[in-house]
Amino acid sequence: MFSNNERGNMIQNNFTNEHELELRRCKDVLENPSFIIKLSSYVGKPVEFAIDNLPVDVRPAIDKALRFALESAILTINKNKIDNGFLASNMKDRIWVVASGMVGGIGGFSTVLAELPATTTLILRSIAKIANSHGFDIYKPATKVACMEVFSLGSLKTTSDDNAENSYVASRLALAFEINSAIAYMSKIGVQNIVSAEAPAMVALLNKIVPQFGVVATNKIIAQSLPIISAGTAAMINYLFISHYQKMADAHFSVLKMEEKFSKEFILDYYKKI
């Protein structure tokens, strides 16, 4: 048996420059989410000011979108239907989401809200494909929950919160209890038997994810609902939307893969130091 110090030395010796470079790349993505910045630049002006002028509270719609995505995508996904080509699959998902954005942008606010569940489901399926491309078994509860976790990433640090550091680690720590409870619950009763609205463990997890997802989704809804927005611009907003979460998912599962190879404690500690 190895002591903790010996085990730690073995892990550190096997952690190469290539691993460090990959972890740095992941941190650059995870700590610098670009959706809101690119969105503001593309639309031509910041959209944050419009939040107080929304005709209705969008939080119920965002909550519904996540629950719909959970039930219709991640809990029922068929591994045989996942495309083998990672990049080709990503592009196909972007095309579908762009098309959804065009439809959603036609009727303004009401159609954007109606489009959100479908778009969120498409993004979650794309996240599952990315998990699969990194070698994770999407039938395992832990992988399904990790896919849902992606929606909580990239929103703790905003353009007005420059002092927030290591928001990725903070987000994972904040969700740790709910994630472990959800995994245990899914493992016990079986994934296909879950109805998210009635499963306490899933409700608790979603209640933590919804506010974080809401930061990004609300900006998307506002931007697509502005009177000056055309169907083409709405489609581009959706392209930015899915691209954002695909990049976050790729970095997230790359980090998780390194945690499997070395250890969660070592990788997250190294992540915080670089």
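Each chain has its residues counted from 1, following the order in which its sequence is written. In keeping with the model being predicted, local features are shown solely for residues with a pLDDT of at least 70 and side-chain atom pairs are shown and tallied solely at 80 or more, while totals for entire chains, interfaces and linings include all residues. For the side-chain quantities, the full set of heavy atoms in the structure was used; hydrogens and water were omitted.

Q: Explanation requested: the overall build of the protein chain in the structure shown.
A: Scanning the protein chain for helices and strands turns up eleven helices and zero strands. Runs of H or I in DSSP of at least four residues are treated as helices and runs of E of at least two as strands, each being numbered from the N terminus. Start at the N end of the protein chain and walk to the C end: the helices and strands fall as α-α-α-α-α-α-α-α-α-α-α. Buried means the residue's accessible area, taken with a 1.4 Å probe over protein chains only, is under 20% of the maximum for its type, while exposed means over 50%, and partly exposed covers the values in between. For the protein chain, buried positions account for 51% of its 274 residues. Two residues form a contact once any of their heavy atoms are found within 4.5 Å. Considering only contacts within the protein chain whose residues lie at least 6 apart along the sequence, 83% involve residues at least 24 apart.

Q: Explanation requested: the pattern of salt bridges in the structure shown.
A: Any two side chains of opposite charge can pair, on the condition that their charged atoms come close. Just to be clear on terms, a salt bridge is a Lys or Arg side-chain nitrogen sitting within 4 Å of an Asp or Glu carboxyl oxygen. Applying the stated criterion across every chain yields a total of ten salt bridges. Two residues, Glu22 and Arg25, come together in a salt bridge whose shortest N-O distance is 2.8 Å. Of this pair, Glu22 and Arg25 both sit in helix 2 (residues 17–30), three residues apart, which is roughly one turn of the helix. Accessibility expressed as a relative area gives 25% for Glu22, which makes it partly exposed. Given the relative accessible area of 33%, Arg25 is considered partly exposed. Between Glu259 and Arg172 there is a salt bridge whose closest N-O contact spans 2.6 Å. With Glu259 in helix 10 (residues 231–261) and Arg172 in helix 8 (residues 167–189), the pair connects residues that are 87 residues apart, well separated along the chain. When salt bridges that share partners are traced, they join Glu22, Arg25 and Asp250 into one network.

Q: Help me understand the confidence of the model for the protein chain in this model?
A: In low-pLDDT regions, the fine details of the predicted coordinates are not to be read closely. Per-residue confidence for the protein chain gives a mean pLDDT of 77, with 66% of residues at or over 70. Each residue carries a pLDDT value, the predictor's own confidence for that position, ranging from 0 to 100. Averaged over each element, pLDDT in the protein chain is lowest for helix 1 (residues 4–14) (59) and highest for helix 2 (95).

Q: What should I look at first to understand the packing of aromatic side chains in this one?
A: Here a ring pair, both rings aromatic, is described through the centre-centre distance and the interplanar angle of the planes. Two aromatic rings from Phe, Tyr or Trp, using only the six-membered ring of Trp, form a pair when their centres are within 6.5 Å; if the ring planes differ by under 30 degrees the pair is stacked, by over 60 it is edge-to-face, and anything between is tilted. All told, the structure shown has twelve aromatic pairs when counted by the stated rule. Centroid distance Phe15 to Phe262: 5.3 Å. Interplanar angle 75°. Geometry classified as edge-to-face. Here Phe15 is found in the loop between helix 1 and helix 2, whereas its partner Phe262 is found in the loop between helix 10 and helix 11 (264–273), with 247 residues between them in sequence. Residue classification places Phe15 among the buried positions, given a relative accessible area of 9%. For Phe262, a relative accessible area of 11% gives the class buried.

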